[in-house]
Amino acid sequence: MTLPTRHLGDLAVSAQGLGCMGMSDAYGKSDEATSVATLHRALDLGVNLLDTSDYYGEGANEELVGRAVAGRRDEVVLATKFGFANKLDDPIRIRGDAAYVRQACEASLRRLGTDHIDLYYQHRVDPEVPIEETVGAMAELVAEGKVRHLGLSEASAETVRRAHAVHPISALQSEWSLWTRDLEDGTAQVCRELGIGVVPFSPLGRGFLTGRYTSVDTMEESDSRRGMPRFTGENFDRNLAIVERLEELAERRGVTAGQLALAWVQHRGDTVVPIPGTRRQKYLEENVAALSISLTAQELADIEAAAPRDRIAGARYDDGSLAFVNG
């Protein structure tokens, strides 16, 4: 199956990718056979951008993706990330020094079972290391053929500019959805100016905008969302009211709330490639179907009125996690 193509810099990818984190981390128990079947189905559907990180499952997610794409590597645009140097320690340390960049890349290549990474991101910006040093080291990996394209994640507009001056940055990966619109305060515009694609993660609000969650109690005890401000207490109830309004709009179109929310992200521009994550083929297929939803200017306005930016209750991360976002 062939999907529409979009460009992240000069890297051509399917217009929608697949976030793989939840297959190994964060959202409760997972099953490898189910996850591998979903990855294979994604490729069959034409979704070729698969996104992982050495942080997810402490490397287990990269290993899972590597096993799943073995024998089909030429169908995949493989993206992974580095930067969280010591997930099990407290405090967590971000590293962007040149020695660590190389060390992390070599380890990811081994886990993924490949000789190159198509899109290599710095997962979070190291506040102690100039971005020029980090990107310079990443550029050396490009020159050696170990990496094809470079990206940043959760980086500010200023950091993106400085990084792009060292080596072309193909993509900025950051959270962007109806309930997280920080990129619209200037960073998205800078990316357009420089020809950098944007890869929104959590375009469905970590699943909340799908309407599948009516109570935090339906989530497993190990689900990290239970501790996120938007999923707790009165914030949950206030945000649920927004989802209910989205569901009303979606019903008029004959689609799900999640599909409508995802279509809104896809309409942010032709260099925007969201990577909704799922472990299940059913939701993968729903997400891919959202690519065919065309929204009028009035419908886009109605969606934004149903989910006004200033009405979202709670921060997207706790204070500790927000500290890692490059402001």
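Being a predicted model, the structure only gives us computed values, none of them experimental. (Residues numbered from 1 in each chain as written. Predicted model: local features only at pLDDT ≥ 70, side-chain atom pairs only at ≥ 80, totals over all residues. Heavy atoms only, no water.)

Things to note about the overall build of the protein chain
Moving on, step 1. Counting its secondary structure elements, the protein chain contains 11 helices and 9 strands.
Moving on, step 2. Overall, the protein chain is about 55 × 40 × 40 Å in size when its C-alpha atoms are taken along their principal axes.
Moving on, step 3. Looking at the protein chain residue by residue over its 327 residues, the buried ones come to 57%.
Moving on, step 4. Contacts in the protein chain between residues at least 24 apart in sequence constitute 76% of all its contacts with a sequence separation of at least 6.
Moving on, step 5. With an accessible surface of roughly 13,500 Å², the protein chain has 47% of that area assigned to carbon and sulfur atoms.
Moving on, step 6. Computing the positive centroid from 36 side-chain charges and the negative centroid from 50, the protein chain places the two 2 Å apart. (Helix = DSSP H or I, 4+ residues; strand = E, 2+ residues; numbered from the N terminus. Buried < 20%, exposed > 50% of the residue type's maximum accessible area, 1.4 Å probe, protein only. Contact = heavy atoms within 4.5 Å. Areas by Shrake-Rupley, 256 points an atom, 1.4 Å probe, with all protein chains shown as cover. Lys, Arg positive; Asp, Glu negative; His and termini not counted. Charge placed at Lys NZ, Arg CZ, Asp CG, Glu CD.)

Considering the nonpolar core
Burial of nonpolar side chains together is a common tendency in soluble globular proteins.
Moving on, step 1. Among the nonpolar cores identified, the biggest contains 82 residues, and Leu 18, Leu 50, Tyr 120, Leu 152, Leu 178 and Ile 303 are the most heavily contacted of them.
Moving on, step 2. If sequence neighbours within four positions are ignored, Leu 178 has contacts with Leu 209, Leu 246, Ala 261, Trp 264, Ile 303, Ala 307 and Ile 312.
Moving on, step 3. Core analysis: the second largest hydrophobic core is formed by 14 residues, Val 77, Tyr 121, Ala 171 and Phe 201 among them. (Core = buried A, V, L, I, M, F, W, Y, C linked by side-chain atoms within 4.5 Å.)

Notes on the packing of aromatic side chains
Moving on, step 1. Applying the stated rule across the entire model yields 8 aromatic pairs.
Moving on, step 2. Ring geometry for Tyr 55 and Tyr 56: centres 6.5 Å apart, planes at 65°, overall edge-to-face. Each member of the pair, Tyr 55 together with Tyr 56, is buried.
Moving on, step 3. Members of the aromatic cluster, joined through ring pairs, are Trp 179, Phe 208, Phe 231 and Phe 236.
Moving on, step 4. If you follow Arg 212 out to its NZ or CZ, it ends over the ring of Tyr 283, 3.7 Å from the centre.
Moving on, step 5. The side chain of Arg 268 reaches across the aromatic face of Trp 264, ending 4.0 Å from its centre. (Phe/Tyr/Trp six-rings, centres within 6.5 Å; stacked < 30°, edge-to-face > 60°. Lys NZ or Arg CZ within 6 Å of the ring centre and 35° of its normal.)

Quick word on the packing of helix α2 (residues 60-69) against helix α3 (residues 98-112)
Moving on, step 1. The geometry of α2 relative to α3 is characterised by a closest axis approach of 7 Å and an angle of 45° between their N-to-C directions. By the criterion of interaxial angle, the relationship of α2 to α3 is oblique. Contact residues: Glu 62, Glu 63 and Gly 66 in α2; Ser 108, Arg 111 and Leu 112 in α3.
Moving on, step 2. Partitioned by chemical class, the residues of the contact of α2 with α3 number 1 nonpolar, 2 polar and 3 charged. (Axes fitted to C-alpha atoms, helices over the stretch in contact; angles between N-to-C directions. Parallel < 35°, antiparallel > 145°, perpendicular 65-115°, else oblique. Nonpolar A, V, L, I, M, F, W, Y, C, P; charged D, E, K, R; others polar.)

What to know about the packing of helix α4 (residues 131-143) against helix α5 (residues 157-166)
Moving on, step 1. At their nearest, the axes of α4 and α5 sit 9 Å apart, and the two run at 40° to each other. What the angle tells us is that α4 and α5 run oblique. The hand of the α4/α5 crossing is right-handed. Between α4 and α5, the residues in contact are Ile 131, Glu 132, Val 135 and Gly 136 and Thr 159, Arg 162, Ala 163 and Val 166, respectively.
Moving on, step 2. The class makeup of the residues in the contact of α4 with α5 is 4 nonpolar, 2 polar and 2 charged. (Left-handed = near helix turned anticlockwise from the far one by under 90°.)

Notes on the side chain of Arg 268
Moving on, step 1. Position of Arg 268 relative to the elements: it lies in the loop between α8 (257-266) and α9 (281-289).
Moving on, step 2. Ignoring anything within four residues of it in the chain, the contact list for Arg 268 reads Trp 176, Arg 192, Leu 300 and Glu 304.

Points about the sheet that holds strand β8 (residues 171-175)
Moving on, step 1. Strand order in this open sheet of 7 strands is β3-β4-β5-β6-β7-β8-β9, and the pairing throughout is parallel. The open sheet has two edge strands, β3 (18-19) and β9 (197-201), and neither has a second partner.
Moving on, step 2. Note that strand β7 (residues 147-153) and β8 share 3 bridges and pair parallel. Across the sheet, residue Gly 151 finds its bridge partner in β8, namely Ala 171.
Moving on, step 3. Taken strand by strand, α3 contacts β5 (77-82), β6 (117-122) and β7, and its axis lies near 135° from that of β6. (Pairing = 2+ DSSP bridges.)

Some remarks on helix α6 (residues 187-194)
Moving on, step 1. Taken as a whole, α6 has its buried residues at Thr 187, Ala 188, Val 190 and Cys 191. Buried residues of α6, seen end-on, are gathered within an arc of 160° and therefore sit on one face of the element.
Moving on, step 2. Contacts made by the buried residues of α6 are with α5, β8 and β9.
Moving on, step 3. After α6 finishes, the residue Gly 195 shows a positive phi value of roughly 75°. (Arc of directions from axis to C-beta.)

Brief notes about the pattern of salt bridges
Moving on, step 1. Under the definition given, this model contains 24 salt bridges.
Moving on, step 2. Between Asp 44 and Arg 72 there is a salt bridge, and its shortest N-O distance comes to 2.9 Å. One end of the pair, Asp 44, is in helix α1 (residues 32-45); the other, Arg 72, is in the loop between α2 and β5, with 28 residues separating them in the sequence.
Moving on, step 3. Since its relative accessible area comes to 18%, Arg 72 is described here as buried.
Moving on, step 4. Taking the shortest distance from any N to any O, the salt bridge between Glu 193 and Arg 161 comes out at 2.8 Å. Residue Glu 193 is found in helix α6, and its partner Arg 161 is found in helix α5; the two are separated by 32 residues along the sequence. (Salt bridge = Lys/Arg side-chain N within 4 Å of Asp/Glu carboxyl O.)

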